[in-house]
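Structural overview for review
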Amino acid sequence: MSADDGTTVKLPSFRGRPNLRQEITETLRGAVIAGEMAPGVVYSAPSLAEQFGVSPTPVREALLDLAKEGLVEVVRNKGFRVTVLSPKELDDITELRALIEPPTVRRITEQGVSAKAVKQLRPLAAGIEKAAARRDFIAHVTIDMQFHLALLELADNPRLLETVRSLRTSSRIYGLRELPAGDALFDSSHEHAELLDLIEAGDADGAEALMRRHIGHVRGIWSEKNLAEDPS
């Protein structure tokens, strides 16, 4: 992914793909959340479009969508700058997610989830693990978002779902690239399958506890070291 300072990140080619704008938006959103697009760096639509193998128009439209979400900001006559979140802002987002997601997972489990619903979530859980194994951080973040929103959709609360979507979109996982090629990322990714096992077994206590621990990774093993140590 090209930036004005020469920073590059590997991007897929979307030449000839349907739903182009949506796919580009999801990919760029994942790149920002995963820290693949560097905070504070200005990116131009034409340079990104060249890597995607498409015209600048859908890329510019996608970046404008991300600007509405607060992930980037428009830099006049230059492009789009990735917005920077402070450690305090990341902590606030994590705190809110911890207040909402674990008890919601508990309620979903207590109410019971159909075998069909669990079966539909299994491929997403597997996809997260596969992305982690090949260290495809953009795909990892994108599929992770799909999994958790699909799971929370079972609570049948549209306002809750949109709140969590907004919080997750606002998150940043700056430390993914710095993780060693060991088990940390893979173990965290496997928690999605474990969560489905607990839900399927009707273990509400276990599902809530695992969801709480899972969210903690955002400001734990997934947080950039210098951000985590920043007292501001």
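Definitions and cut-offs
- Per chain, residues are indexed from 1 in the order of the written sequence.
- The predicted origin of the model limits local features to residues at a pLDDT of at least 70 and limits the giving and counting of side-chain atom pairs to 80 or more, whereas totals for whole chains, interfaces and linings rest on all residues.
- Calculated side-chain values reflect all of the structure's heavy atoms, with hydrogen atoms and water omitted.
- Per the convention used, a helix needs a DSSP run of H or I reaching at least four residues, while a strand needs a run of E reaching at least two, with both numbered from the N terminus.
- Remark: exposure states derive from per-residue accessible area (1.4 Å probe, protein chains only) relative to the maximum for the residue type, with buried under 20%, exposed over 50%, and partly exposed in between.
- We call two residues in contact whenever any of their non-hydrogen atoms come within 4.5 Å of each other.
- Only buried residues count toward a nonpolar core. Its members are Ala, Val, Leu, Ile, Met, Phe, Trp, Tyr and Cys residues joined through side-chain atoms within 4.5 Å.
- One less than the residue count of a helix, multiplied by 1.5 Å, gives the span that helix is expected to have.
- The angle separating two fitted axes, one through the seven residues that finish at a residue and one through the seven that start at it, defines the bend at that residue.
- When DSSP locates at least two bridges between a pair of strands, those strands are taken to pair.

So, about the environment of Gly-70. Relative to the helices and strands, Gly-70 resides in the loop between helix H3 (56–68) and strand E2 (72–75). Looking at Gly-70, the relative accessible area reads 38%, which means it is partly exposed. Residues Gly-70 and Val-84 lie 14 residues apart in sequence; the distance between their C-alpha atoms is 9.9 Å. Not counting residues up to four positions away in its chain, the partners in contact with Gly-70 are Thr-83 and Arg-172.

Glancing now at unusual backbone geometry. Positive phi is not limited to glycine here, since Asn-77 has a value of about 65°. Topologically, Asn-77 is positioned in the loop between E2 and strand E3 (79–82). Under the relative-accessibility criterion, Asn-77 is labelled exposed at 78%. In this structure, Asp-156 is a non-glycine residue whose phi angle is positive, near 55°.

Attention now moves to the nonpolar core. By size, the foremost hydrophobic cluster in this structure holds 26 residues, and its most contacted members are Val-105, Phe-147, Leu-151, Leu-195, Leu-196 and Ile-199. Contributing elements (two or more residues each) for this core: helix H5 (115–133), helix H6 (137–152), helix H7 (158–170), helix H8 (184–201) and helix H9 (204–216). With 8 residues, H6 is the largest single contributor of residues to this core. Apart from residues no more than four positions distant in its own chain, Leu-196 is found in contact with Val-118, Leu-121, Arg-122, Ala-125 and Phe-147.

In a regular helix each residue adds 1.5 Å, so 25 residues correspond to 36 Å; helix H4 (residues 87–111) covers 36 Å between its end C-alpha atoms and thus fits that length. Of all the bends in H4, the greatest, near 30°, is centred on Ala-98, and the proline Pro-102 appears no more than four residues after it. Taken as a whole, H4 has its buried residues at Pro-87, Leu-90, Ile-93, Thr-94, Arg-97, Glu-101, Pro-102, Thr-104, Val-105, Ile-108 and Thr-109.

Attention shifts here to the pairing of E3. Pairing of strand E1 (residues 42–43) with E3, which is carried by 2 bridges, proceeds in the antiparallel orientation. Note on E3: the bridge partner recorded for Val-42 is Arg-81. Alignment of E2 against E3, held across 4 bridges, turns out to be antiparallel. By the bridge assignment, Val-72 is partnered in E3 with Val-82. In textbook terms, the turn of a hairpin is the stretch between consecutive antiparallel strands, and for E2 and E3 this stretch comprises 3 residues, one of which, Asn-77, has a positive phi near 65°.

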